[in-house]
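# A closer look at the structure
Spelled out from the first residue to the last, the chains are:
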Amino acid sequence: MPYRNTFQRPLYWKLASLSLLATCITPAFQVHAEKSTSKNAASSQLAMQVNDDRMTLSMARVPQIYLYGPIDSDAPRRFELLVKSGKIPNGSDIYLNSPGGSVDAGMALGRMFRQGSMVTHLGTPRLPKHTPIVNKSAICEGACAYAYLGGRFRWAASGSDRIGFPTYPAQQAPEQISAYVKEMGIADAALTAASATGTADPILWPNADEMIAKGLANNGRLDLVATYKYVQDAPYLELKQSDRNGEHTITLLCKPGGAELATYDTIGTVRARQTVARAVHSYFEINQQETLPQQGGATAVDQSVVLQRIYPLDQLQHMASAQAMGAWVRDRTGIRYGFAFEVGGVRKVLNDFYNACTYATQQHS
């Protein structure tokens, strides 16, 4: 019977280039669903700023959306209008900076983020020229933290940015909040904070490492999934991971003459074709070392860049003990395109496949 094993990647990648971009680009589009007649009214609702200028789209490929201020009950409706208008497409980057507000509205925003496969960050927009210097640190608390959890990919707080999650004693969270957290794939224990006396801390302020450890953030990558089963009466291994750039897969099918190796970098039809057209060299990678290199050797199949090789059976043990694997193509200028992921957390699956393949090939010899 097939079984699956998941592994949370421990390394954290920062969006340094995007953060720099956010501080250098003048907002291209700023909108409120309803204009306020007074400054006080305007400050009591969530502001929504959409950066979709040419430079932003050329670097990030998607708009950058800044949501800041209190989350009012009407915020989900205004956000939905922007989604339906096409101003906020699927996969957009959402930057949050809010002291909280309506919990129900925060969860409604989070559900829209997840439905649109959006990416959540903490961040503040660039203010107009001549604006007095203000604190550039972002804070996201309460209802904002619930909205943040809706991101399919969630970047941990960095620098002086802070995020605060309301906590409850074990099994005492309000039913709607408990259901939402579960819907977002977050363990209840992640938001349960108790002191030695058994009293709950009102707000959890995790740092980046704690956010990763608790599953509150994934820094642009979902868990690596390893599946070992039998296909065509032969041991078969699949390693798959999704990140904001696409889905990445490595498969191995054990055969007497060598394991059939295939890698799939699923990045979209246009990008896959462009990558293959530029490729002059391709290779499988183990522990950052080129393996099975070829001139060319890559094809575009549907939305994927595909590499296919025969992996020598006498080298399978090296693969079973690997810490990282990947697949890359390189163009004439030396720039490479592809993926790599850590596999140390799925060691048991790798060893099970190796042992099964070794036994199967011995039976055929």
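### Some remarks on the environment of Thr-124
With respect to the secondary-structure elements, Thr-124 resides in the loop between strand E6 (119-122) and strand E7 (139-141). Measuring from C-alpha to C-alpha, the distance between Thr-124 and Leu-96 comes to 7.2 Å, with 28 residues separating the pair along the chain. Residue contacts for Thr-124: discarding those within four places in its chain leaves Tyr-66, Asn-97, Lys-136, Ser-137 and Ala-138.

### Regarding the pattern of salt bridges
Under the criterion given, the structure shown has twelve salt bridges. Lys-240 is paired through a salt bridge with Glu-247; the nearest N and O atoms lie 4.0 Å apart. For Glu-247, a relative accessible area of 30% gives the class partly exposed. Each of Asp-72, Asp-74, Arg-77 and Arg-78 takes part in a single network of salt bridges with overlapping partners.

### Topic: the side chain of Ser-242
Considering the arrangement of structural elements, one finds Ser-242 in strand E12 (residues 234-243). On the basis of relative accessibility, which here comes to 11%, the residue Ser-242 falls in the buried class. In this view, Ser-242 contacts Arg-152, Phe-153, Gly-220, Arg-221, Leu-222 and Glu-247; residues no more than four positions away in its chain are not counted.

### Structural notes on the sheet that holds E7
The strand order E7-E9-E10 describes an open sheet built from three strands, whose pairing is mixed. Looking at the sheet topology across the chains shown, the edges are occupied by E7 and strand E10 (203-204). Sheet topology note: the strand E9 (residues 162-166)/E10 ladder contains two bridges and is antiparallel. Bridged to Pro-166 within E10 is Ile-203.

### Section: the packing of aromatic side chains
Per the stated rule, a full pass over the model turns up seven aromatic pairs. Judged by centre distance (4.8 Å) and plane angle (15°), the rings of Tyr-66 and Tyr-95 are stacked. Of this pair, Tyr-66 sits in strand E4 (residues 64-68) while Tyr-95 is found in strand E5 (residues 93-97), placing the two residues 29 residues apart along the sequence. We classify Tyr-95 as buried; its relative accessible area is 5%. Ring centres 6.2 Å apart and planes at 55° place the aromatic pair Tyr-228 and Tyr-230 in the tilted group. What makes Tyr-228 buried here is its relative accessible area of 12%. Under the relative-accessibility criterion, Tyr-230 is labelled partly exposed at 48%. Of note, Arg-278 hangs over the ring of Tyr-337, and the distance from its end group to the ring centre comes to 4.9 Å. Between Arg-336 and the ring centre of Trp-328, over which it is positioned, the NZ or CZ distance is 3.6 Å.

### Quick word on empty space enclosed by the protein
Any space left empty among the atoms is revealed by the rolling of a water-sized probe across them. Counting across every chain of the model gives two cavities of 30 Å³ or more. Of the pockets and cavities examined, the largest cavity occupies roughly 50 Å³. Lining the largest cavity we find Thr-263, Tyr-264, Asp-265, Val-305, Leu-307, Ala-327, Trp-328, Val-329, Tyr-337, Gly-338 and Phe-339. Tallied by class, residues from the lining of the largest cavity come to eight nonpolar, two polar and one charged.

### Quick word on the sheet that holds strand E19 (residues 324-331)
Spatially, the four strands line up as an open sheet ordered E16-E15-E19-E20, and their pairing is antiparallel. If you trace the sheet from one side to the other, it starts and ends with strand E16 (289-295) and strand E20 (336-342), each paired once. Across the sheet, the mean angle separating the axes of adjacent strands is 15° when strand polarity is ignored. Sheet topology note: the E19/E20 ladder contains seven bridges and is antiparallel. Across the sheet, residue Trp-328 finds its bridge partner in E20, namely Gly-338. Relative to strand E15 (residues 279-286), helix H9 (residues 269-278) is tilted by about 105°, and along the sheet it contacts E15, E19 and E20.

Reading guide: rules and limits
Along every chain, residues carry numbers that run from 1 in the direction the sequence is written. In keeping with the predicted nature of the model, local features appear solely for residues at pLDDT of at least 70, side-chain atom pairs appear and are counted solely at 80 or more, and the whole-chain, interface and lining totals rest on all residues. Side-chain metrics rest on all non-hydrogen atoms present in the structure, leaving aside hydrogens and water. Where helices and strands are cited, they refer to DSSP runs of H or I of at least four residues and of E of at least two residues respectively, numbered from the N terminus. Contact between two residues is taken to exist if any of their heavy atoms lie within 4.5 Å; hydrogens are not considered. Salt bridges are defined as contacts in which a side-chain nitrogen from Lys or Arg sits within 4 Å of a carboxyl oxygen from Asp or Glu. Throughout this description, buried means an accessible area under 20% of the type-specific maximum (1.4 Å probe, protein chains only), exposed means over 50%, and partly exposed covers the range between. Strand pairing is assigned whenever DSSP detects at least two bridges linking the two strands. For this analysis, a ring pair means two rings from Phe, Tyr or Trp (six-membered ring only for Trp) whose centres lie within 6.5 Å, classed as stacked if their planes differ by under 30 degrees, edge-to-face if by over 60, and tilted for the remaining angles. By definition here, charges over rings are those cases where NZ of Lys or CZ of Arg is within 6 Å of the ring centre and within 35 degrees of the ring normal. Cavity and pocket criteria rest on a 1 Å grid covering protein atoms alone: a 1.4 Å probe that fits but cannot get out defines a cavity, protein on both sides within 12 Å along at least 5 of 7 lines defines an open pocket, and an atom within 4 Å of a point defines a lining residue. Grid points are joined across faces, edges and corners, and a volume is the space filled by probe spheres set on the points. Residue type decides the class: Asp, Glu, Lys and Arg count as charged, Ala, Val, Leu, Ile, Met, Phe, Trp, Tyr, Cys and Pro as nonpolar, and the leftover types, Gly among them, as polar. Think of each axis as a best-fit line through the C-alpha atoms, taken over the contacting stretch in the case of a helix, with angles from 0 to 180 degrees between the N-to-C directions.

Function cannot be inferred from these measures alone, as they are strictly geometric.
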